[in-house]
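# Chains, contacts and geometry: an overview
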Amino acid sequence: MKYFESSKAPAEGLGVLVLFALIEEAVPAFFRADRQICINRAPGRLDVMGGFADASGSLVLQLPTAEAACAAIQLRDDDLVRLWSPCRDGSRTEMLSMRLSDLGLPGHAIDLASARAFFGADARDRWAGYVLGGLLVLARERGLEPPHGFDLLLYSDVPEGLGVGSSAAVGVAAMCALAQCYGVELAGRELALLCQLVETDIVGRPAGATDPMTAACGQADQLLALRCQPCEVEESIAVPGALEIVGLDSGVVQAPAHDQSFVRAGTRLGSRMLSGDPAWRGHLANFPLATFRERWQRELPETITGAEFLVRHGEQRDPWLRIDPKRTYAVRTPTLHAIEENARVERFARLLHEELTVERRVQLGELMSASHAAHVACGLGNPTMDFLVQRAQERIAAGGQIVGARGTSSGGTLVLIGERGKVWHEALRIKKALLRETGHSGHIFRWSSPGALSFGSIALRPIGAS
């Protein structure tokens, strides 16, 4: 580097080297050459199993990707804040600036509702909410009173809209950069919950803690097993040496928020109906599958109108769930999915700890197929993903190097598990079929990388500084 020397040399393919080049090009127009820059990084993730059932307290298995968001921050002497995030397609603003005082800092941080209105005024500026929202949350939740402003460069190669944690990667990278810069210590769970707060209460998107937990606490080539009650790390499971997990971008934007909300509403209605049974224990996923099938599967209605539910059970306290009296909600199918998915994920995790015989490989694949089918039954499938899963099943039947396949909970990405060094070629084969069918050349997620806490921080020090 021409202006800076790095405290450590990151591996290629993690996005940081691209950030180095952007930083060098941005001197002196954006960054100063005589002041330290701190760099933090957070990966995206593949939802290997569990995904959509996270809101019901399920166990989920998530793999951090090599694709990641990187944030470089440099303190200023005044109270100006400047944000820069290169955008190739012009879909959003690339550069924004404001004063700390515009956010009520230091001392009187604006409330979260005001922040949501502020960052939501222009959709092209909404990305800044993930960055400056982190600053506000640190001020309100951790008492941060920033004495000076900063310049922050954000770069991400996590594809957006595919359900691979692109927004969480940005939020975690930015939060880590701010915390590092201002000397705030954050543990993994706290970091994830604060980033979840940014997304739900400032950006205004319903979101669980699964994505930020993986971005923060994930380990390279290991499945992070999270119990979503609300976000407890149970273990990290190393991907068996004989196997490899890859993803393929379907080209279909994840299931619309209103569709996901409708299905989640049905699950919440089922939870409320079961809440009198002690087996519930506060989370639907805790329900023993056998108990549910023996009694409740018959008693729960297949559907219920919002008006009938409100008469029987009253309004929900969930701020993201508003029961429409005029709508008819599916109840039994999404409720069963949440309970069955938790059982599937737990079985999947146990299999990964055992010797991978041919029989157990088949069982892994069957669990993935059942997970995908249940997701489709809830109404969250799409024809393109069904096409991709079918191509994978055909390759399995033909003796290909695939163990199992499913669409992620968002419906935007195909996940394949197969023989290490070979399943990637199967992904290329399916990618060609996708191109012929739809004209879309999908991105392949092949490599994994560490989460933000394992990666740590990189300091770029001015060359020649003592």
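Look above for the structure.
Note that the coordinates shown come from a computational prediction; the quantities given were computed from them, not determined experimentally. (Residues numbered from 1 in each chain as written. Predicted model: local features only at pLDDT ≥ 70, side-chain atom pairs only at ≥ 80, totals over all residues. Heavy atoms only, no water.)

### Points about the overall build of the protein chain
This is how it is decided: Only runs of H or I of at least four residues qualify as helices and only runs of E of at least two qualify as strands under DSSP, and these elements are numbered from the N terminus. Computation of the radius of gyration draws on C-alpha atoms, with the globule rule given as 2.2 Å multiplied by the number of residues to the power 0.38. Here, two residues are considered to be in contact whenever any of their heavy atoms come within 4.5 Å of each other. To be clear on the numbers: accessible area is Shrake-Rupley with a 1.4 Å probe, and residue cover counts the displayed protein chains and nothing else. When charges are counted, neither His nor the chain ends are considered; positive counts come from Lys and Arg and negative counts from Asp and Glu. By convention, the point assigned to a charge is CZ for Arg, NZ for Lys, CD for Glu and CG for Asp.
Along its length, the protein chain carries 14 helices and 15 strands. Relative to the compact-globule value of 23 Å for 466 residues, the protein chain shows a C-alpha radius of gyration of 23 Å, a close match. Summarising its shape, the C-alpha atoms of the protein chain cover approximately 70 × 55 × 40 Å along the three principal directions. Put simply, of all contacts in the protein chain between residues at least 6 apart along the chain, 72% involve residues at least 24 apart. Accessible surface, the protein chain: about 19300 Å² in total, of which carbon and sulfur atoms supply 50%. Positive and negative charge centroids in the protein chain, built from 48 and 54 side chains respectively, lie 3 Å apart.

### A closer look at the pattern of salt bridges
Test applied: Salt bridge, as used here, is a side-chain nitrogen of Lys or Arg placed within 4 Å of a carboxyl oxygen of Asp or Glu. Residue exposure (1.4 Å probe, protein chains only): buried if accessible area is under 20% of the type maximum, exposed if over 50%, otherwise partly exposed.
What the rule picks out here adds up to 27 salt bridges. Across the pair D211 and R45 runs a salt bridge, and its minimum N-O distance is 2.7 Å. Placement of D211 in helix 6 (residues 210-217) and of R45 in strand 2 (residues 37-49) is noted, with a sequence separation of 166 residues between them. Judged by relative accessible area, R45 falls into the buried class, the value being 8%. The partner of R344 in a salt bridge is E340, and the shortest N-O contact between them spans 3.8 Å. You can see R344 and its partner E340 sitting in helix 10 (residues 332-352), four residues apart, about one turn around the helix. Here R344 falls in the buried class, since its relative accessible area comes to 10%. On the basis of relative accessible area, E340 is assigned to the buried category, the value being 15%. Here the residues in one salt-bridge network are R32, D34, R35 and D77, joined through shared partners.

### Considering the packing of aromatic side chains
Which entries qualify depends on this criterion: Side-chain rings of Phe, Tyr and Trp (the six-membered ring for Trp) are treated as a pair once their centres are within 6.5 Å; stacked means planes under 30 degrees apart, edge-to-face means over 60, and tilted covers the remaining angles. Put simply, a charge is over a ring when the Lys NZ or the Arg CZ is close to the ring centre, within 6 Å, and near the line of the ring normal, within 35 degrees.
This model, assessed by the stated rule, comprises five aromatic pairs. Arranged with centres 4.9 Å apart and planes meeting at 85 degrees, the rings of F30 and F31 form a pair that is edge-to-face. Grouping residues by exposure puts F30 and F31 together as buried. Here the aromatic rings of F118 and F119 are separated by 5.1 Å at their centres, their planes lie at 80 degrees, and the arrangement is edge-to-face. Looking at F118, the relative accessible area reads 37%, which means it is partly exposed. Three or more aromatic residues joined by ring pairs make a cluster, and in this case those are F30, F31 and W84. Positioned over the ring face of W127 is R92, at 5.4 Å from the centre of the ring.

### Observations concerning the sheet that holds strand 12 (residues 402-407)
Our working rule: Between any two strands, at least two bridges found by DSSP are needed for them to pair. Axis lines are fitted through C-alpha atoms, for helices just across the contact stretch, and the angle between N-to-C directions can take any value from 0 to 180 degrees.
A sheet is described by the order of its strands in space; here four strands give the open sequence 12-13-9-14, paired in antiparallel fashion. The sheet is open, and its two edges are formed by strand 12 and strand 14 (444-445), each paired on a single side. Sitting on the sheet, helix 11 (residues 358-377) is in contact with strand 9 (243-249), strand 12 and strand 13 (413-419), with an inclination near 15 degrees to strand 12.

### Topic: the side chain of S167
Inspection of the secondary structure assignment puts S167 in helix 4 (residues 166-182). A residue is classified by how much of its surface remains accessible, and S167, at 14% relative accessible area, is buried. Contacts of S167, omitting those with residues within four sequence positions, involve Y130, E199 and R205.

### Things to note about helix 2 (residues 112-120)
So the rule is basically this: By construction, the arc corresponds to the directions joining the helix axis to the C-beta atoms. Here a polar contact is recorded for every N or O atom pair within 3.5 Å, except that within protein the pair must consist of a potential hydrogen donor and a potential acceptor, and residues adjacent in sequence are included only if both atoms are side-chain atoms.
Among the residues of helix 2, those classed as buried are L112, A115 and F119. Looking straight down helix 2, one finds its buried side chains confined to an arc of 55 degrees; they lie on one side. Looking at the buried side of helix 2, the elements it contacts are helix 3 (128-142) and helix 5 (188-203). Between a side-chain oxygen at the N-terminus of helix 2 and the backbone nitrogen of A113 the separation is 3.1 Å; the capping residue is D111.

### Regarding the packing of helix 4 against helix 6
What counts here: Oblique is the label for any angle not covered by the other classes, which are roughly parallel (under 35 degrees), roughly antiparallel (over 145) and roughly perpendicular (65 to 115). Rotating anticlockwise by less than a right angle from the far helix to the near helix defines a left-handed crossing, while the corresponding clockwise rotation defines a right-handed one. Only Asp, Glu, Lys and Arg are considered charged, only Ala, Val, Leu, Ile, Met, Phe, Trp, Tyr, Cys and Pro nonpolar, and every remaining residue, Gly among them, polar.
Helix 6 packs onto helix 4 with a crossing angle of 50 degrees between their chain directions and a minimal axis gap of 8 Å. Compared by their axis directions, helix 4 and helix 6 come out oblique. Two packed elements cross with a definite hand, and for helix 4 against helix 6 that hand is right-handed. In contact with A168, A169 and V172 of helix 4, helix 6 contributes D211, P212, A215 and A216. For the contact of helix 4 with helix 6, the class distribution of residues is six nonpolar, no polar and one charged.

### Notes on unusual backbone geometry
Only a minority of non-glycine residues have a phi that is not negative, and only a minority of peptide bonds are not trans. Along the chain, V27 connects to P28 via a cis peptide bond; the corresponding omega equals 5 degrees. Mapped onto the elements of the fold, P28 is located in the loop between helix 1 (16-25) and strand 2. The omega torsion across L105 and P106 is -10 degrees, close enough to zero to call that bond cis. Positionally, P106 belongs in the loop between strand 5 (95-99) and helix 2.

### A closer look at the pairing of strand 7 (residues 222-227)
For strand 7, a buried count of five out of six residues is recorded, marking the element as mostly surrounded by other parts of the structure. Of the pairings in the sheet, the one linking strand 3 (residues 59-75) to strand 7 comprises four bridges and is antiparallel in character. Residue L61 lies in a different strand from strand 7, and its bridge partner there is A225.

### Thoughts on the packing of helix 11 against helix 12 (residues 383-397)
At a minimum axis separation of 12 Å, helix 11 and helix 12 run at an interaxial angle of 160 degrees. By the criterion of interaxial angle, the relationship of helix 11 to helix 12 is roughly antiparallel. Judged by the sense of rotation from one axis to the other, the crossing of helix 11 with helix 12 is left-handed. The residues of helix 12 that touch helix 11, namely those facing S369, H372 and V376, are M385, D386, V389 and Q393. For the contact of helix 11 with helix 12, the class distribution of residues is three nonpolar, three polar and one charged.

Keep in mind these numbers describe shape, not what the thing actually does.
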